[in-house]
Amino acid sequence: LAQTSLSDLPIASMEPIASQDALVRAFAARAEFITPFSLCDAADAVIFVECEADPSQGSGFYYLEQREAAIAGFSVPYAMLPALADAVLSRSTTRVDLSKCVWLHSTGRCGSTLLSKVFDAMGGIQSLSEPDLFTNLISVYFEALSRGVDRAAALAPVVRASTLLLLHAQLR
């Protein structure tokens, strides 16, 4: 699987976020521009990027749009994510309903980009082509499983919170 890495980002430094309030304030000010980018499992953190433009408005793959538009990065510990998602969503007028969310994750070269463009053209549907965060999550899970460690329970809150924050950015 080809995945993005932190070295792909055109930003000078990545600062860990020690305060949930600091990240909530950043989300409140620029919610559609701060999105989960990838995992840094060695640090038990999700990497968020702040972009100068909404990465969902580009014509390419979401992770490439994020990478090209990144102006800042935030390292958010896994343990902080559920509370962060709750705090951001409780302060927002945007409501995220996961029951209306459909994720299509596919192998490469199968027509998923075309399907994503068809959904976008329909209107009333937000489609993101290849947010790399989910590819990272799958890789982290199966790499751990290959070592005999089942990370499903530990990663479930990370997946849920990251998904909520990604959708919140797209619905604003």
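Please refer to the structure placed before this passage.
Reference entry: report on the structure contained in this document. (Residues numbered from 1 in each chain as written. Predicted model: local features only at pLDDT ≥ 70, side-chain atom pairs only at ≥ 80, totals over all residues. Heavy atoms only, no water.)

With that settled, the discussion passes to the overall build of the chain. The number of helices and strands found in the chain is 6 helices and 4 strands. The N-to-C order of helical and strand elements in the chain reads β-α-β-β-α-β-α-α-α-α. Per-residue burial for the chain yields a buried fraction of 41% across its 172 residues. A separation of at least 24 residues holds for 69% of the contacts in the chain among residues at least 6 apart in sequence. (Helix = DSSP H or I, 4+ residues; strand = E, 2+ residues; numbered from the N terminus. Buried < 20%, exposed > 50% of the residue type's maximum accessible area, 1.4 Å probe, protein only. Contact = heavy atoms within 4.5 Å.)

A word on unusual backbone geometry. Of note, Asp44 is a non-glycine position whose phi angle comes to about 50°, a positive value. Mapped onto the fold, Asp44 is located in the loop between strand E2 (34-40) and strand E3 (45-51). Of the residues examined, Asp44 reaches a relative accessible area of 39% and is grouped as partly exposed.

Attention now goes to the packing of aromatic side chains. Enumeration over the complete set of coordinates arrives at 2 aromatic pairs. A centroid spacing of 6.2 Å and a plane angle of 5° characterise the contact between Phe61 and Tyr63, whose relative ring orientation is stacked. Judged by relative accessible area, Phe61 falls into the partly exposed class, the value being 27%. Between Tyr141 and Phe142 the ring centres are 5.1 Å apart and the planes differ by 80°, which places this aromatic pair in the edge-to-face class. Note on Tyr141: relative accessible area 22%, which makes it partly exposed. (Phe/Tyr/Trp six-rings, centres within 6.5 Å; stacked < 30°, edge-to-face > 60°.)

With that settled, consider the pattern of salt bridges. Enumeration according to the criterion identifies 4 salt bridges in this entry. For Arg67, the salt bridge goes to Glu68, with nearest N and O atoms at 3.9 Å. Accessibility expressed as a relative area gives 57% for Glu68, which makes it exposed. Among the salt bridges present, the one from Glu143 reaches Arg147, with a minimum N-O distance of 2.8 Å. (Salt bridge = Lys/Arg side-chain N within 4 Å of Asp/Glu carboxyl O.)

Looking at where Gln66 falls in the secondary structure, it is placed in helix H2 (residues 62-69). The class for Gln66 is buried, based on a relative accessible area of 1%. With sequence-adjacent residues up to four places away left out, Gln66 is seen in contact with Thr35, Pro36, Phe37, Val49, Cys51 and Pro55.

What follows deals with the pairing of E3. Among the 7 residues that make up E3, 7 are buried, leaving the element largely enclosed by the rest of the structure. Residue alternation in E3 divides its side chains into two sets, Ala45, Ile47, Val49 and Cys51 and Val46, Phe48 and Glu50, and both sets are buried. Two strands pair when backbone bridges link them, and E2 and E3 are joined in this way by 6 bridges, in the antiparallel orientation. Paired with Leu39 across the two strands is Val46, which belongs to E3. Adjacent in sequence and paired antiparallel, E2 and E3 are bridged by 4 residues, among which Asp44 carries a positive phi angle near 50°. (Pairing = 2+ DSSP bridges.)

In this section: the side chain of Ser162. Checked against the element boundaries, Ser162 lands in helix H6 (residues 152-171). Note on Ser162: relative accessible area 0%, which makes it buried. A polar contact is formed between the side chain of Ser162 and the backbone oxygen of Val158, at a distance of 2.8 Å. Look past the residues within four positions of Ser162 in its chain and what remains in contact with it is Pro36, Val46, Leu81 and Leu133. (Polar contact = N/O pair within 3.5 Å; in protein donor to acceptor, adjacent residues only side chain to side chain.)

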